[in-house]
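A closer look at the structure
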Amino acid sequence: MDRFWSLLFLAVPVLGLLIVLGAVFNVGLQNAWLPESIGPRTEGIDYLFNLFHIIVAVVFVGTGLLLAYSLFRFRATNRQVASYVHKSIWLELLWTIIPAGTLVFLAMHQLPYWQANKEDHRAFEPAGAGSSDLETPTVRVVAYQFGWRFIYPGLDGVFDTRDDVISENLLVLPSHEEIVAELRSLDVIHSFAINKLRLKQDIVPGLSPRIWFMITQNGDWEINCMELCGWGHFRMSARLRTVSPKDFEDWLMEIVQTRGY
Amino acid sequence: MKSADSQFENRESVVPQQPGFWRHYVFSTDHKVIGLQFLFSALIWLLMGGALAMAIRWQMAWPWTRIPIIGSWLFQSEGGQISPEFYTMLFTMHGTVMIFFVIIPLLLGAFGNYLIPLMIGARDMAFPKLNMLSYWLMWPAFISLLMAFFAPGYGPGAGWTAYPPLSTVWEASPGSGWAQTLWLISLLFVGVSSILGSINYIATILFLRAPGLDMLRLPMTIWGLLITAILQALALPVLTVALVMQLMDRHLGTGFFTPDNLIINNFETVGTVGQPLLWQHLFWFYSHPAVYIMILPIMGMVSDILCCFARKPLFGYRPMVYSMCAIAGMGFVVWGHHMFVSGMHPFMGTVFMISTMMIALPSSVKVFNWLATLWGGRIHFTTSMLFSISFISMFIIGGLSGIVMAANSIDEFVHDTYYIVAHFHYVLFGGTIMGVFSALYFWFPKMFGRMLNETAGKWHFLLTFVFLNGTFFPMHILGWRGFPRRMADPYFSGQFLDLLPLNRMITWCAFAMAAAQLIFIVNFFYSMFWGQRAGKNPWHANTLEWTVDSPPPHDNFQHIPTITRGPYEYSNPEHDEDYWPQADDSAGLEESINTPATKASER
């Protein structure tokens, strides 16, 4: 019976590793690893995601095998007496320094990606700085219970003027261009998320955070609210449509002209 | 301090008059009775929290479908199916119940109360009346939360995190009316109860230890409980104040958390200049240390149980203590990792990312020390031991996924997805609840004087272990795809429809796991009355609670023992037996030959 229990714990690293490998290499598990990518923004995040999972999988399998082996080898039916060992300063140092080094490496290694996606941009305004020389966003996103309103500055490139273009639950954007979006909420906290860009930004009412990204494919994608915002949270999704820059101009012009400004 | 020779004299004067039924079982100041009161209350709430989880799983597998049998009774107006506002109540209450009414009362209320005086050689807590008060303050909390279920809107629906303005503005959600107020009142009582309890634990452990019981001779269980109590005493006042502030926002027209000029469901907020991020900071300043409050006591108990059934000293006692202190200390500077995408300054994200990465270090030191404790042991696979081993195995998974999401770039992707759900269920179910089962199988004989049935226990373990992994491991797969949490219908937008079969499998596993708990319930009550009698020390363990009768008498010790060695003297070659109790002079150790379970596992 003791053998059975050590085998049971051996199953944890073995099955766990098989599931991860199956997901990564699409064997047995279809579409289980990261969703497809539609922009350069995901490159760094996906690289980190894979790297972290490789390191974590090594530790997971290593400790899991060690645990199962100890249980098998040191089962009571196999041994007369346990060894009387209290401590080992060398082992303690070993398993403090190696994980510490790994963690410091991981922390430092992933820093540039966070900075690139969150800090290093002229659209970024440090909280409270109130600087006015930020570039005009491509689009202003207004979230409310339970939908999205997308406001374009129109032909004059200035918000809050008569020629602003408003689109409900449909965000049309040019592909291959960097987009700066300013996020606002009318009521409660929402979160602007595009799964295939690995992008997520909470929209706390009263703050107007900015995001920036580029999409390199034309097509239709989903925008979801990813922060609980009430009973209709689940249905707060919008369509993101990327078209060529020329088509984008045409789409804007068409709306402006139909309205007759 | 009496000498060993005088242990039986004046026995009558030590054992008090038997109190009446009410004083003995209900309004008792005896730490053991209070511990059992916490235990039974928390186990009943565990059933409640589990039922809520089953309803969540039903909606994930068969969204908007009629629930068989109970559906037509629960939701007549909805055609027997779960409505969206009911679903928000489900996960809000599931989290609240499991955290505040199950895990924390189980660890600190039940095991803390029961074990601290017994393991440190004290007759009771330092402040027995305060102790009784801290249990009875839970009842207003229980009643408020029960009332919240029946308030309009089915109950609070802002999540257990209760982010404003969703939670502060009455019009924001069907559950943001009286249900939210009752939720806040309930947590206020829990908070006050826990603060009183933690002060009591700290005082007891620091000042009522038996002679010879130095701090570095304390069992790890006591270390875990002490550090947890300090964490609670420091962190809980912050949550309590935040709860009062939210109550004031809701009822007195203050605006700590609600910004100006919001139009929520046709209601406009006027004249308030609050900041919702303030609530998030205050809330997580408590609720991240709370994560360690929910795991540190179990880490201590598992350390003791592993040593007992591996018949081997704890490997690296001092590193184990230091790493616990490090987890507790660093636990106060990592709360911001819950807010990586909240809109706080990205530089703060960097700071919290680094501190969060580094808090994995003391946890990994603990795991390696547990593995080294098992190495070279003589391992008895009792039910309690199996649950403890599975604690390590599951905690490794939960800890490692924690490292992945500590990277803030990755967190931006997995935040609010099932990756997070998988992570904290591996820590809180795979870790804490499995550890709680281990501790229950271990200390049940002490609590009730009878052994839990081992055969039933092993079936309970096997089924729980298999279906726990069947339930929570696939949630990682959902997370890899970005499957959102807290959504009544995640398939609504269409991009996750192909994950429906996987969700159905998870739901079946969850149902099976819930069904497996029936074995435990039957075993628990059957063994309480008809189980095999346990002697004083059925597991041949070293710590002080095993030197007194099972169950221990009022006032625990006939005389206060003198402690001569540490708690982990297993298989010491200088001693004939493979265990060497902490106190030499305790009465009646020779009576403890009755060791049914250890023998059973050797067969």
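Residues numbered from 1 in each chain as written. Chains lettered and ligands numbered in written order. Predicted model: local features only at pLDDT ≥ 70, side-chain atom pairs only at ≥ 80, totals over all residues. Heavy atoms only, no water.

What follows is about the pairing of strand β4 (residues 170-174) of chain A. Residues and elements named next belong to chain A. Judged by how many residues are buried, β4 sits mostly within the fold: four of five residues are covered. Bridge count between β4 and strand β10 (residues 237-243): five bridges; the pairing is parallel. In the sheet register, Leu173 faces β10, and the bridge partner there is Thr242. (Buried < 20%, exposed > 50% of the residue type's maximum accessible area, 1.4 Å probe, protein only. Helix = DSSP H or I, 4+ residues; strand = E, 2+ residues; numbered from the N terminus. Pairing = 2+ DSSP bridges.)

What follows deals with the domain arrangement of chain B. All names here are of chain B. By domain assignment, chain B separates into domain 1 (35-50 + 83-294) and domain 2 (316-535). Using only C-alpha atoms to locate each centre, domain 1 and domain 2 end up separated by 20 Å. Contacts between the two partners involve 41 residues from domain 1, matched on the other side by 37 residues from domain 2. Carbon and sulfur atoms make up 81% of the area that domain 1 and domain 2 hide from each other, which totals about 3,600 Å². On the domain 1 side of the interface with domain 2, the three residues burying the most area are Phe111, Leu216 and Met220, jointly 16% of the side's total. (Domains from an automatic or database assignment. Contact = heavy atoms within 4.5 Å. Buried area = accessible area lost by both parts, 1.4 Å probe.)

Okay, the side chain of B:Arg450 next. Residues and elements named next belong to chain B. Along the chain, the position of Arg450 falls in the loop between α16 (418-448) and α17 (454-480). Asp549 provides the closest opposite charge to the buried, salt-bridge-free Arg450, at an N-O distance of 14 Å. Within polar-contact distance, the side chain of Arg450 engages the backbone oxygen of Phe529 at 3.4 Å. Within polar-contact distance, the side chain of Arg450 engages the backbone oxygen of Gly531 at 2.7 Å. In contact with Arg450, not counting residues within four places along its chain, are Phe444, Pro445, Ser527, Met528, Phe529, Trp530, Gly531, Gln532, Arg533 and Ala534. (Lys, Arg positive; Asp, Glu negative; His and termini not counted. Salt bridge = Lys/Arg side-chain N within 4 Å of Asp/Glu carboxyl O. Polar contact = N/O pair within 3.5 Å; in protein donor to acceptor, adjacent residues only side chain to side chain.)

Residues and elements named next belong to chain B. Among the structural elements, Val334 can be located in the loop between α12 (317-330) and α13 (346-374). A relative accessible area of 0% means that Val334 is categorised as buried. For the pair Val334 and Phe285, spaced 49 residues apart in the sequence, the C-alpha separation amounts to 8.5 Å. Beyond its immediate chain neighbours, meaning those up to four positions away, Val334 contacts His288, Tyr292, Phe352, Ser355, Thr356 and Ile359.

It is worth spelling out the pattern of salt bridges at this point. Tallied over the full model, the rule gives 18 salt bridges over all chains. When the shortest N-O distance is used, the salt bridge between A:Arg41 and B:Glu412 registers 2.7 Å. With A:Arg41 in the loop between α1 (2-24) and α2 (42-73) and B:Glu412 in helix α15 (residues 408-414), the pair connects residues from two separate chains. Per residue, the accessibility class of A:Arg41 equals that of B:Glu412, and both read buried. Connected through shared salt-bridge partners, A:Arg140, A:Asp160, A:Glu182, A:Arg184 and A:Arg210 make up one network.

This part covers the packing of α1(A) against α2(A). Residue and element names in this part refer to chain A. One can describe the packing of α1 onto α2 by two numbers: an axis separation of 8 Å at closest approach and a directional angle of 170°. What the angle tells us is that α1 and α2 run roughly antiparallel. Judged by residue contacts, Arg3, Ser6, Phe9, Leu10, Val12, Pro13, Gly16 and Leu17 of α1 engage Phe60, Val61, Gly64, Leu65, Ala68, Leu71 and Phe72 from α2. (Axes fitted to C-alpha atoms, helices over the stretch in contact; angles between N-to-C directions. Parallel < 35°, antiparallel > 145°, perpendicular 65-115°, else oblique.)

Turning next to the interface of chain B and chain A. Contacts between the two partners involve 110 residues from chain B, matched on the other side by 93 residues from chain A. Summed over both sides, the interface of chain B with chain A buries roughly 8,800 Å², with 71% coming from carbon and sulfur. Summed over the shared surface of chain B and chain A, the result is two salt bridges. In this structure, the connection of chain B to chain A is made through 26 residue pairs in polar contact (both at pLDDT 80 or more). Those elements that place two or more of their residues in the side of chain B that touches chain A are α5 (84-120), β1 (263-264), α10 (276-293), α13, α14 (383-406), α15, α17 and α19 (596-602) of chain B. Tallying contributions element by element places α13(B) first for the side of chain B that touches chain A, with 17 residues. Class assignment for the residues of the side of chain B that touches chain A results in 65 nonpolar, 30 polar and 15 charged. (Nonpolar A, V, L, I, M, F, W, Y, C, P; charged D, E, K, R; others polar.)

What follows deals with the packing of α14(B) against α16(B). All names here are of chain B. Two elements in contact, α14 and α16, have axes whose closest approach is 8 Å; the angle formed by their N-to-C orientations is 160°. One element, α14, and the other, α16, form an angle in the roughly antiparallel class. For the pair α14 and α16, the crossing hand works out as left-handed. Residues that form the contact of α14 with α16 fall into these classes: 15 nonpolar, 13 polar and no charged. (Left-handed = near helix turned anticlockwise from the far one by under 90°.)

What follows deals with the sheet that holds β10(A). Strands belonging to one sheet form pairs held by backbone hydrogen bonds; the direction of such a pair is parallel or antiparallel. All names here are of chain A. Pairing within the open sheet is mixed, and its five strands lie in the order β4-β10-β9-β6-β7. Taken across any chain shown, the strands that pair with only one partner, and hence form the sheet edges, are β4 and β7 (199-203). Adjacent strand axes in the sheet meet at a mean angle of 25° when their direction is disregarded. Of the strands in this sheet, β4 and β10 touch helix α4 (residues 245-259), which is tilted by about 135° from β4.

Right, let's get into the packing of aromatic side chains. Working definition: an aromatic ring pair is given by the centre-to-centre distance plus the angle between the planes. Per the counting criterion, the structure on display carries 76 aromatic pairs over all chains. The interplanar angle of 40° and the centroid separation of 5.8 Å between the aromatic rings of A:Tyr69 and B:Trp375 together place this pair among those described as tilted. Here A:Tyr69, found in helix α2, pairs with B:Trp375, found in the loop between α13 and α14, and the two come from separate chains. Overall, A:Tyr69 belongs to the partly exposed group, its relative accessible area being 41%. Classification of B:Trp375 as partly exposed rests on a relative accessible area of 35%. Look at B:Trp370 and B:Phe395: their rings are 6.4 Å apart centre to centre, the planes differ by 85°, and that puts the pair in the edge-to-face class. With B:Trp370 in helix α13 and B:Phe395 in helix α14, the pair connects residues that are 25 residues apart, well separated along the chain. (Phe/Tyr/Trp six-rings, centres within 6.5 Å; stacked < 30°, edge-to-face > 60°.)

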